[in-house]
Amino acid sequence: QVQLVESGGGLVQAGGSLRLSCAASGHTFSRYLMGWFRQAPGKEREFVARINRSGGSTYYADSVKGRFTISRDNAKNTVDLQMNSLKPEDTAVYYCAAAVIFGSYDYWGQGTQVTVSS
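Residues numbered from 1 in each chain as written. Predicted model: local features only at pLDDT ≥ 70, side-chain atom pairs only at ≥ 80, totals over all residues. Heavy atoms only, no water.

Novice: It is not clear to me how the overall build of the protein chain should be interpreted in this structure. Could you clarify?
Specialist: Along the backbone of the protein chain there are zero helices and 11 strands. Over its C-alpha atoms the protein chain spans a radius of gyration of 13 Å, differing by no more than 12% from the 13 Å that the globule rule assigns to 118 residues. Dimensions of the protein chain, computed from C-alpha atoms along their principal axes, come out at roughly 40 × 25 × 25 Å. When contacts within the protein chain are restricted to residue pairs at least 6 apart in sequence, those whose partners lie at least 24 apart make up 55%. Here the protein chain displays about 6000 Å² of accessible surface, and carbon together with sulfur accounts for 48% of that area. Within the protein chain, one finds 12 positive and 9 negative side-chain charges whose respective centroids are separated by 4 Å. (Helix = DSSP H or I, 4+ residues; strand = E, 2+ residues; numbered from the N terminus. Rg over C-alpha atoms; globule rule 2.2 N^0.38 Å. Contact = heavy atoms within 4.5 Å. Areas by Shrake-Rupley, 256 points an atom, 1.4 Å probe, with all protein chains shown as cover. Lys, Arg positive; Asp, Glu negative; His and termini not counted. Charge placed at Lys NZ, Arg CZ, Asp CG, Glu CD.)

Novice: Is there a simple way to explain the pattern of salt bridges in this structure?
Specialist: In a structure, side chains of opposite charge can pair up when their charged atoms sit close to one another. In the structure shown here, the tally under the stated rule is five salt bridges. Among the ionic pairs, Arg38 bridges to Glu46, the shortest N-O distance being 2.6 Å. In this structure Arg38 comes out as buried when scored by relative accessible area, which is 6%. Taken together, the shared-partner salt bridges connect Arg38, Glu46, Arg67 and Asp90 into one network. (Salt bridge = Lys/Arg side-chain N within 4 Å of Asp/Glu carboxyl O. Buried < 20%, exposed > 50% of the residue type's maximum accessible area, 1.4 Å probe, protein only.)

Novice: What exactly am I supposed to notice about the side chain of Asp90 here?
Specialist: Inspection of the secondary structure assignment puts Asp90 in the loop between β8 (78–83) and β9 (92–101). Judged by relative accessible area, which is 1%, Asp90 ranks as buried. Those residues in contact with Asp90, other than ones at most four positions away along the chain, are Arg38, Arg67, Phe68, Ser85, Val114 and Val116.

Novice: Help me out: how do you make sense of the sheet that holds β8 in this one?
Specialist: Pairing between the strands of a sheet is mediated by backbone hydrogen bonds and can be parallel or antiparallel. Reading across the sheet, the four strands line up as β1-β3-β8-β7 and stay open at both edges, with antiparallel pairing between neighbours. Each edge of the open sheet carries a strand with a single partner, namely β1 (2–7) and β7 (68–73). Across this sheet, the average inter-strand angle for adjacent strands is 15°, counted without regard to direction. In the sheet, β1 pairs with strand β3 (residues 18–26) via six bridges, with the strands oriented antiparallel. Bridge pairing in β3 places Leu4 opposite Ala24. (Pairing = 2+ DSSP bridges. Axes fitted to C-alpha atoms, helices over the stretch in contact; angles between N-to-C directions.)

Novice: What's the story with the environment of Ser21 in this structure? I'm lost.
Specialist: In this fold, Ser21 is placed in strand β3. The class of Ser21 is partly exposed, set by a relative accessible area of 22%. Taking the C-alpha atoms as reference points, Ser21 and Gly9, separated by 12 residues in sequence, lie 8.8 Å from one another. Apart from residues lying up to four places away in sequence, Ser21 is in contact with Val5, Glu6, Ser7, Trp36, Thr78, Val79 and Asp80. Within the structure, Ser21 has its side chain in polar contact with the side chain of Asp80 (distance 2.9 Å). (Polar contact = N/O pair within 3.5 Å; in protein donor to acceptor, adjacent residues only side chain to side chain.)

Novice: Would you explain the nonpolar core in this entry?
Specialist: Of all hydrophobic cores here, the largest spans 30 residues; its most connected members are Trp36, Leu81, Met83 and Tyr94. Secondary-structure elements contributing two or more residues to this core are β1, β3, β4 (33–39), β5 (46–51), β7, β8, β9 and β11 (112–117). For Met83, the contacting residues outside a window of four places in its chain are Gly16, Ser17, Leu18, Leu20, Arg67, Phe68, Tyr94 and Val114. Among the nonpolar cores identified, the runner-up in size contains five residues, and Leu33, Phe37, Ala97 and Ala99 belong to it. (Core = buried A, V, L, I, M, F, W, Y, C linked by side-chain atoms within 4.5 Å.)

The analysis is restricted to geometry; functional conclusions fall outside its scope.
Listed below in structure tokens is the structure:
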């Protein structure tokens, strides 16, 4: 299995940027599809972005497309989420997750808080 630890959250003004990072340890990182999810207070957790094993293919939720970029470094066992043009509605706890099988995220980090002030 794999252990995931997120970092990089914080407080930022609307229009600003943050870069989240997720460090993986344990099993071979490159065997996992990786995704970022978020959960705002009182709301269900929602998908944000995902990246395939090689890093050559990405997919984004419509709400973040064009503003967020997911990337991974298999040599460093990390997956990042660059978030630009942040909006107050991006405020949430952000989680990274790993999947062996597409769509089945079996491993989750503890989350990192992102707060965007207006």
